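Listed here are the chains, written in short residue letters.
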Amino acid sequence: MAPMLEVRDLVKVYDDGTRALDGVSFDVADNEFLAVIGLSGSGKSTLLRCINRLIEPTEGTVVWDGIDVTSASQEDLRRIRRRIGMIFQHFNLVNRSKVITNVLAGRLGYVNPILSLINRFPAEDVAKAYEQLDRVGLADKAHNRADELSGGQQQRVGVARALMQDPKLVLADEPVASLDPVLAHSIMRYLEIINKEEGTAVICSLHHLDLVHRYADRVIALNEGVLVFEGTPEEIDDAKFKEIYGKEAERVG
Amino acid sequence: MADDRVPAGPPEKKKRGWRRSLAIAVAIVAAFVLYAIAFQTTDVSLDQLQSETRREQLFKILRALARPDLIHYDQEDLVVDAPILVPCNPAVELPATSGPGTGPTLTVEPSCASPGDIVTVIGSGFRADVDVSLKFVPDSEFDVTLPLDRVQTSAEGTFTLSFEVPERTSDNPQFVRAVTSIPIGSWSNRVEVWTDTNLNGVRDPSALPASDQPLSASPLPLPEFTIRDPGGVALIDENGNPIELLSWGGAFEAQSGSTAGLASTDIGVDPFSVGEGQSVQRTGRGAVPEDFAWVGPAPASFGELNAGQEPFPEAIRSRVFINELAFGDSPEVEVAGPPGSDLTNLTLIFFDGEDGKQYKSVKLGDTIELSPRLSDNAINTWDRIVETVMLAFLATTVGTLLAVPLSFIAARNLMRDVKVPLVNLGLAILGIPVGLAVGVQIARWARQVALLVEGNWVLDVVALVAVLLAIWRGAIWAVDVDEDATRTIVDRIARPTVMFLAAVGFFVAQYLSADLLMIVGTATTRAIGFIGNFLFTMGEIIQTITTPMAALVGAGIVAQLGSRLGYLIRTKLPRSTVKILEFPIAAAAGATVAVFIGAVVEWFGQFGNPVATVYVPAAIGAVYGLYLAFRALKNEAVGTGIVIYYIARTVFNALRSIEPLVMVIVFVVWVGIGPFAGSLALALHTTAALAKLYSEQVESISSGPLEAIRATGATRMQTIVYAVVPQIVPPYISFTMYRWDINVRMSTIIGFAGGGGIGFLLQQNINLLQYRQAAAQMLAIAIVVASMDYLSSRLRERFV
Ligand SMILES: Nc1ncnc2c1ncn2[C@@H]1O[C@H](COP(=O)(O)OP(=O)(O)OP(=O)(O)O)[C@@H](O)[C@H]1O
Ligand SMILES: [Mg+2]
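Predicted, not measured: the structure shown is a model, and the values here were computed from it. Starting afresh in each chain, residues are numbered from 1 along the sequence in its written order. The order in which chains are written sets their letters, starting at A; the order in which ligands are written sets their numbers, starting at 1. Where totals are concerned, whole chains, interfaces and linings use all residues; where local detail is concerned, this predicted model gives features only for residues with pLDDT of at least 70, and gives and counts side-chain atom pairs only at 80 or more. The basis for the side-chain values is all heavy atoms of the structure; hydrogens and waters are excluded.

Caption draft 1: Representation of the overall build of chain A within the structure. Strands are runs of DSSP state E lasting at least two residues, helices are runs of H or I lasting at least four, and both sets are numbered from the N terminus onward. Each helix and strand counted, chain A has nine helices and 10 strands in total. Residues classed as buried in chain A amount to 55% of the 253 residues present. The contact criterion used is simple: two residues touch if any of their non-hydrogen atoms lie within 4.5 Å. Taking the contacts inside chain A whose residues are at least 6 apart along the sequence as the reference set, 67% of them involve residues at least 24 apart. Each accessible area value is a Shrake-Rupley result obtained with a 1.4 Å probe; residue values ignore everything except the protein chains displayed when judging cover. Here chain A has roughly 10,500 Å² of accessible surface; of this, 48% comes from carbon and sulfur atoms. Exposure is judged per residue with a 1.4 Å probe applied to protein chains only, and the accessible area is read against the type maximum: over 50% gives exposed, under 20% gives buried, and values in between give partly exposed.

Caption draft 2: Structural context of the overall build of chain B. Along its length, chain B carries 19 helices and 22 strands. Residue burial in chain B is summarised as follows: out of 800 residues, 41% are buried. Pairs at least 24 apart in sequence give 69% of the contacts found in chain B among residues at least 6 apart. Counting only carbon and sulfur atoms, one obtains 63% of the accessible surface of chain B, whose full area is about 43,000 Å².

Caption draft 3: A look at the packing of helix α3 (residues 52-66) of chain B against helix α19 (residues 771-799) of chain B. All names here are of chain B. The angle between two axes is taken between their N-to-C directions and runs from 0 to 180 degrees, where each axis is a line fitted to C-alpha atoms and a helix contributes only its stretch in contact. Direction vectors running N to C along α3 and α19 enclose 55°, while the axes themselves pass 7 Å from each other. Considering the angle they form, α3 stands oblique to α19. The two elements α3 and α19 cross, and the hand of that crossing is right-handed. In this structure, α3 uses I61, A64 and L65 to contact α19, whose residues at the interface are Y771, R772, A775 and M778. Residues are grouped as follows: Ala, Val, Leu, Ile, Met, Phe, Trp, Tyr, Cys and Pro are nonpolar; Asp, Glu, Lys and Arg are charged; every other residue, Gly included, is polar. In terms of residue class, the contact of α3 with α19 is made up of six nonpolar, no polar and one charged. Roughly parallel means an angle under 35 degrees; roughly antiparallel, over 145; roughly perpendicular, 65 to 115; everything else is oblique. Two helices that cross are described as forming a left-handed crossing if the nearer one is turned anticlockwise from the farther one by less than a right angle, and a right-handed crossing if clockwise.

Caption draft 4: Structural view of the interface of chain A and chain B. Contact residues are listed per partner, giving 38 residues for chain A and 31 residues for chain B. The salt bridge involving R49(A) is made with E707(B); its shortest N-O contact spans 2.5 Å. What qualifies as a polar contact is a pair of N or O atoms within 3.5 Å, subject to a donor-acceptor requirement within protein and to the restriction that residues adjacent in sequence count only when both atoms come from side chains. Linking chain A with chain B are 10 residue pairs in polar contact (both at pLDDT 80 or more), by the criterion used here. The salt bridge definition used is simple: a Lys or Arg side-chain nitrogen within 4 Å of an Asp or Glu carboxyl oxygen.

Caption draft 5: Spotlight on the nonpolar core. Put simply, buried Ala, Val, Leu, Ile, Met, Phe, Trp, Tyr and Cys residues joined by side-chain atoms within 4.5 Å make one nonpolar core. Core analysis: the largest hydrophobic core is formed by 77 residues, its most contacted members being I37(A), M188(A), L191(A) and V724(B). Considering every element that reaches this core, the biggest residue donor is helix α17 (residues 716-749) of chain B, with seven residues. Once you skip the residues sitting within four places of it in the chain, I37(A) turns out to touch K44(A), L206(A), L209(A), V212(A), V219(A), I220(A), A221(A), L222(A), I236(A), I244(A) and Y245(A). Counting residues in hydrophobic clusters, the runner-up holds 33 residues, among them V24(A), F26(A), V36(A) and A72(A).

Caption draft 6: How the structure looks around the state of the cysteines. All names here are of chain B. Disulfides are defined in this document as cysteine sulfur pairs within 2.5 Å. Scanning the entire structure with this criterion turns up one disulfide over all chains. Residue C88 pairs covalently with C112 via a disulfide, S to S 1.9 Å. Across the S-S bond of C88 and C112 the torsion is about 90°, and the bridge reads as right-handed. Taken together, the positions of C88 in the loop between β2 (75-84) and β3 (105-109) and C112 in the loop between β3 and β4 (118-124) put the pair 24 residues apart, joining distant regions of the chain. The exposure class of C88 is partly exposed, given its relative accessible area of 41%. Judged by relative accessible area, C112 falls into the partly exposed class, the value being 25%.

Caption draft 7: Looking closely at the packing of aromatic side chains. All names here are of chain B. For Phe, Tyr and Trp, rings pair up if their centres lie within 6.5 Å, where Trp contributes its six-membered ring, and each pair is then called stacked (planes under 30 degrees apart), edge-to-face (over 60) or tilted (otherwise). For the structure on display, the rule yields 14 aromatic pairs over all chains. Plain terms: the ring middles of F506 and F507 are 5.5 Å apart, the flat faces sit at 75° to each other, and that makes the pair edge-to-face. On the basis of an interplanar angle of 65° and a centroid distance of 5.0 Å, the ring pair of Y645 and Y646 is categorised as edge-to-face. Taken together, the ring pairs connect W248, F272 and F327 into an aromatic cluster.

Caption draft 8: Highlighting helix α16 (residues 703-711) of chain B. Buried residues dominate α16(B), accounting for seven of its nine residues. All of the buried residues along α16(B) are G704(B), P705(B), L706(B), E707(B), A708(B), I709(B) and A711(B). Residues of α16(B) that are buried sit in contact with α1 (44-51), α2 (74-81), β6 (84-87) and α6 (151-164) of chain A together with α6 (412-415) and α17 of chain B. Directly beyond the C-terminal end of α16(B), a positive phi value near 90° is found at G713(B).

Caption draft 9: Up close: the sheet that holds strand β7 (residues 169-173) of chain A. All names here are of chain A. The mixed open sheet is built from six strands, whose spatial order is β6-β7-β8-β3-β9-β10. Looking at strand neighbours, the two that pair on one side only are β6 and β10 (226-231), the edges of this open sheet. In this sheet, adjacent strand axes meet at a mean angle of 15° when their direction is disregarded. Pairing between strands requires that DSSP locate at least two bridges from one strand to the other. Across four bridges, the pairing between strand β3 (residues 33-38) and strand β8 (residues 201-205) is parallel. Looking at the pairing, F33 lines up with V202 of β8.

Caption draft 10: Summary view of the sheet that holds strand β1 (residues 5-13) of chain A. All names here are of chain A. The strand order across the open sheet built from four strands is β2-β1-β4-β5, with neighbouring strands paired in antiparallel fashion. One side of each edge strand has no neighbouring strand; the edge strands of this open sheet are β2 (19-28) and β5 (67-68). Pairing analysis gives seven bridges linking β1 to β2, with the strands arranged antiparallel. Among the inter-strand pairings, V13 is bridged to a residue of β2, identified as R19. Here α1 sits on the sheet and contacts β1, β2 and β4 (59-64); the angle it forms with β2, its principal contact strand, is near 60°.

Caption draft 11: Spotlight on unusual backbone geometry. Omega for the peptide link from E109(B) to P110(B) comes to -10°, which places this bond in the cis form. Geometrically, the link from D229(B) to P230(B) is a cis peptide bond, its omega value of 0° lying close to zero. Assignment of secondary structure puts P230(B) in the loop between β9 (216-221) and β10 (231-236). The backbone of F91(A) shows a phi angle near 65°, a positive value even though the residue is not glycine. Tracing the chain through its elements places F91(A) in the loop between β6 and α3 (99-104). Judged by its relative accessible area of 10%, F91(A) is buried.

Caption draft 12: Geometry of the site of ligand 1. Residues and elements named next belong to chain A. In the neighbourhood of ligand 1, 14 residues make up the surrounding shell, with S40, G41, K44, S45 and T46 lying closest. Between an oxygen atom of ligand 1 and a side-chain N or O atom of E174, the distance comes to 2.9 Å. Measuring from an oxygen atom of ligand 1, one finds a side-chain N or O atom of H207 at 3.5 Å. In terms of residue class, the shell around ligand 1 is built from three nonpolar, eight polar and three charged. It suffices for a single heavy atom of a residue to lie within 4 Å of a molecule or strand for the residue to be listed as near it.

Caption draft 13: Representation of the side chain of S116(A) within the structure. One can find S116(A) in helix α4 (residues 113-117). Among the polar contacts made by the side chain of S116(A), one reaches the main-chain carbonyl oxygen of P113(A) at a distance of 3.0 Å. The residues contacting S116(A), other than those within four sequence positions of it, are L108(A), V111(A), Q718(B) and Y722(B).

Okay, structure coming up:
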């Protein structure tokens, strides 16, 4: 069976000449929880955004579910994007909008473009939005403004928004980097549930190796845009660690 | 390395220091020269500042500014003539001095003279500190006067003036005339408004107020004249017969007028020795006026019955009488009588107690006139200031409405990612002229359809509702993308067709609503003129813009189709074929754009040279297209977004840097002098300025939400509505308010260039040296600008 996501020779050169990705290739299977690790600046965010073309890759291909994402038309790209949920380090909620509006935004790829412009969503989408909020324990905050929530709560709204998309794949870019360890685990557990119980593939970039060990099925590591490791979390021994994080790096925890 | 440099350091540093000093010296000299030139060219001159006449001018203006022309006193000329004989002729008898009563008097000494002699005029009994203009009234069958001089009366109301007798001789007496103006509004300030129907806030003196009492009273503030003590006052009825004659400081027998021979009744109290708010008044119980006894000083009750006054209802009938007197700072008399009594032709005559002669008569019907009223200038100023504010309001609204959408295409962060493959772009551009033509045709069809019902408002409404419903349903169905469903033939053909019909329907709806507006406008014009006019004009505007709108929409749709075609070509044909096809397409598109630019240049320049404006641009455009196609061999997408961004920014910056005051000149040429030209100029400037400010706000929004919304598969419009709009609402409101402030300021002076508003009036008055009038306008500007400023800052606080 073909993998759900195939990334081949992906290269991203930014306008200023920075080579953020340099020939990265890997596969992601259905139901897989893939962690992406690497130093800051190694290209993790760039990689995740190239998958749904929030950033245009310079070279290489991304094939998702048998569709070539890299050459899809704008129209097709939207169809692809709506099945790929995304969670961000800084939550990326629309601060001045209500929580429920933020969650409903997850349906934008599905709903009627004209009706949505006047903030009309089908009743079942609205019901679903409340359901998702309930699921992340924020039902009572639905009508608060997003910026009235704490960081952990905001990230849960972010998760709910991603789930609204009925995603087959979730891209999570350091979803817990700005949260404390307890909150981090609670968010990671949501991802775990999505992954294990609903069979959604997850690609998640992480900074903490203990989180990688705890949640990931497989790990890829980037260093200056080059894929330097691919394997299970257990395979990261000291030698690999130094290769990924550099000679001077110390293992903590 | 560091060691190497240390020894080399000092000399170099020294050298640099020397250069620096030289540079500074040169800069100082240059600055010196620059300021000298600036002084020279701007005519800086202390002489002008110090010159006596200039200063006098300045003070004159400043004084005028301190007394803006806002209030107007109705004035009455007081004319006093004194006879003079030129030359002396003992055979002619001089007539008496003529004037109103025995108030102001004028004598000439000597009372006869030869031309060229110097004679003296003496005036007394005039109002204090007023201007008197003196004239010589020659014996002539025409109504002519020769101006002699102007004087100001002393604090006692007197003046003396010597003049040379003019070369006018006659056997008849001639006259020296003194004319003063009495502001007849100025002495009615104390009028109490209690039966007021007069908009000026002045009691109507023609009747006593209605009352449930048998007696009613009316205060009558007196004109400014010196009331004599001892003295008296008589109330005379409409037939000239005295009703009563009261006196103070003693009794006398009237010597003149219809009252001659009548003995006065001393009231026994002193109407002069009353304090603020006091009077002498009649009180007690009674049936005829004489029953009420005079008391006082007591608290004044002008306009009401006096304290302790109890009239018997049956007795007081058809008698009006003097009920209260106060000759303090603002003399006032109260007349009482049966409620509703007509006062129109009653007269008060004042007597001198010494000689029993009357010196002043006050006719009740017309002596108490208007209080100060707004001058014509004030009314004009008000009209213009309303115009000014409305002008700013319209310009701000229109500018904001246009600037909001434009700001999105001038925002780098939204446009940066708009990249289109060259084939798509080329075909889209080639589609534009076709689209324009199609759009115009569609508008024509829509017009035809609308004409079926036009002129009948019922049909209009029905058709409009039907069409709008159909468009709404149709459009929603047509754009609804089914979840991942493979597109059937229905989708491929029916949906675009419905979309197309919806577009046609939209323009039909525009024509229908335009027609409806015009019908309703015509109907309401009779009832409420300006509303009807507004509706009608809106209808006309909609009708006028429908064709260009349709052309633009058509261009957009066909361009979109071209782009689609490009996408099909790229995905269905082999890559090399696409690359080859790209060359002719790009060349043609480049030529199209260039020819369009050439046409614009031709329109402006009227060169009439097709080689320069058609062929050469076409060639250049084609070559540029080929160059792009060549480049596209490597890099598919062309950054159209960024190009549009740069064009928009350049246009906005260019427009913004032209002052509205200059723009209005162009519009005045186009639509004529007036507020319309001003609104257009301000609206254009506002659009450009706000679009720039807004787009900077769009650029500064946080990109996170934008990214997140895009990642959900949202369209560009959805991204703007869900990620951009919530972030920009507060700054947009704030900038609109800021712009509103600027527009109010601008609209006050845009009239200088013919753009309407108060500036026009101001400039006119300044040019006519009417500084007091101009002062009113300046005051109005200051008030409006300050209050709008305050208002907008309060609103800004609320919203942001
Ligand atoms: N818009 C951009 N323009 C130019 N260079 C960029 C841009 N975005 C990222 N880069 C560069 O690309 C490289 C990879 O950045 P990226 O954000 O993908 O790293 P990262 O692994 O996600 O780092 P972090 O863990 O800090 O988030 C960095 O060197 C960064 O400076
Ligand atoms: Mg990152």
